Amino acid sequence: MKNIIITLNIVLAFIISSVSSNAQDNPYYKRSYIGSVELAAGGYIYNPINANLYTTHGIAYGNGLYTGIGTGYNIDQDSFPLYLEGRYSFIDNIVSPFVSARIGAMLGSSGLYASPAIGIDFGKWSALFRYEYNNYKNTVNPNSIEYLTAYFHALYLGVAFSF
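Conventions used here
- Residues numbered from 1 in each chain as written.
- Predicted model: local features only at pLDDT ≥ 70, side-chain atom pairs only at ≥ 80, totals over all residues.
- Heavy atoms only, no water.
- 1 Å grid on protein atoms, 1.4 Å probe; cavity = no way out; pocket = protein on both sides within 12 Å on 5 of 7 lines; lining within 4 Å.
- Points joined across faces, edges and corners; volume = space filled by probe spheres on them.
- Helix = DSSP H or I, 4+ residues; strand = E, 2+ residues; numbered from the N terminus.
- Nonpolar A, V, L, I, M, F, W, Y, C, P; charged D, E, K, R; others polar.
- Core = buried A, V, L, I, M, F, W, Y, C linked by side-chain atoms within 4.5 Å.
- Buried < 20%, exposed > 50% of the residue type's maximum accessible area, 1.4 Å probe, protein only.
- Contact = heavy atoms within 4.5 Å.
- pLDDT = per-residue confidence, 0-100.

Enquirer: It is not clear to me how empty space enclosed by the protein should be interpreted in this structure. Could you clarify?
Expert: Over the atoms a probe the size of a water molecule is rolled, and this reveals where empty space is left. Scanning the model with the defined rule gives 1 cavity of 30 Å³ or more in all. Computed from the structure, the largest cavity encloses a volume of approximately 90 Å³. Taken together, 13 residues line the largest cavity, and the ones lying closest to its centre are S36, E38, E85, R87 and R102. Counting only elements with at least two residues in the lining of the largest cavity, the list comes to β1 (31-44), β4 (80-89), β5 (95-107) and β7 (125-139). For the lining of the largest cavity, a count of residues per class yields 5 nonpolar, 3 polar and 5 charged.

So, in structure tokens, the structure goes:
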């Protein structure tokens, strides 16, 4: 876990230095398509080291508000969330705090997926803190109709790039 935090700090320092040398506006305050790729590290109580990869694509409305649809890969559960995302960037500046929320389903486990986040945009880069809820439902025995339902609560630190 210590190595993950050190790696995220190094990435964050790189992002801040690249943003400060390349002046640009907040992309969420321009009406346009925005795609993003996010890598998040953290985990569940029973498995504190996990990584997820997400991609989201949608529309920025020019006033800080963004909506999109996305998917990803949860390495620990070997499942794929499919979700809708809403996001709001508070300040039309190169550095801006934001909030976001995702709601959808976990494909491969037929469960609910919900994930609010807070973070800071640095131009096209973002650093974030994400909570993830997932009720994982799967068959106990493939030859029966018995189901196992588990509820997962996870915390992640992430880095995203918007394009």
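From this point, things continue past the structure.
Enquirer: Honestly, the nonpolar core in this entry has me stumped. Any pointers?
Expert: Side chains that are nonpolar tend, in soluble globular proteins, to be buried together. Of all hydrophobic cores here, the largest spans 10 residues; its members are A40, Y44, Y54, Y83, M106, Y113, Y136, F152, A154 and Y156. Within the residue set of this core, elements represented by two or more residues are β1 and β8 (147-162). In terms of residue count, the dominant contributor to this core is β8 (3 residues). Not counting residues up to four positions away in its chain, the partners in contact with A154 are G43, Y44, R130, Y131 and E132.

Enquirer: What exactly am I supposed to notice about the confidence of the model for the protein here?
Expert: Predicted coordinates in regions of low pLDDT should not be interpreted in detail. Per-residue confidence for the protein averages 82 on the pLDDT scale, and 72% of its residues sit at or above 70. Ignoring residues within four places in sequence, the model shows residues 19-23, a span with pLDDT below 50, making 6 contacts including any to other chains.

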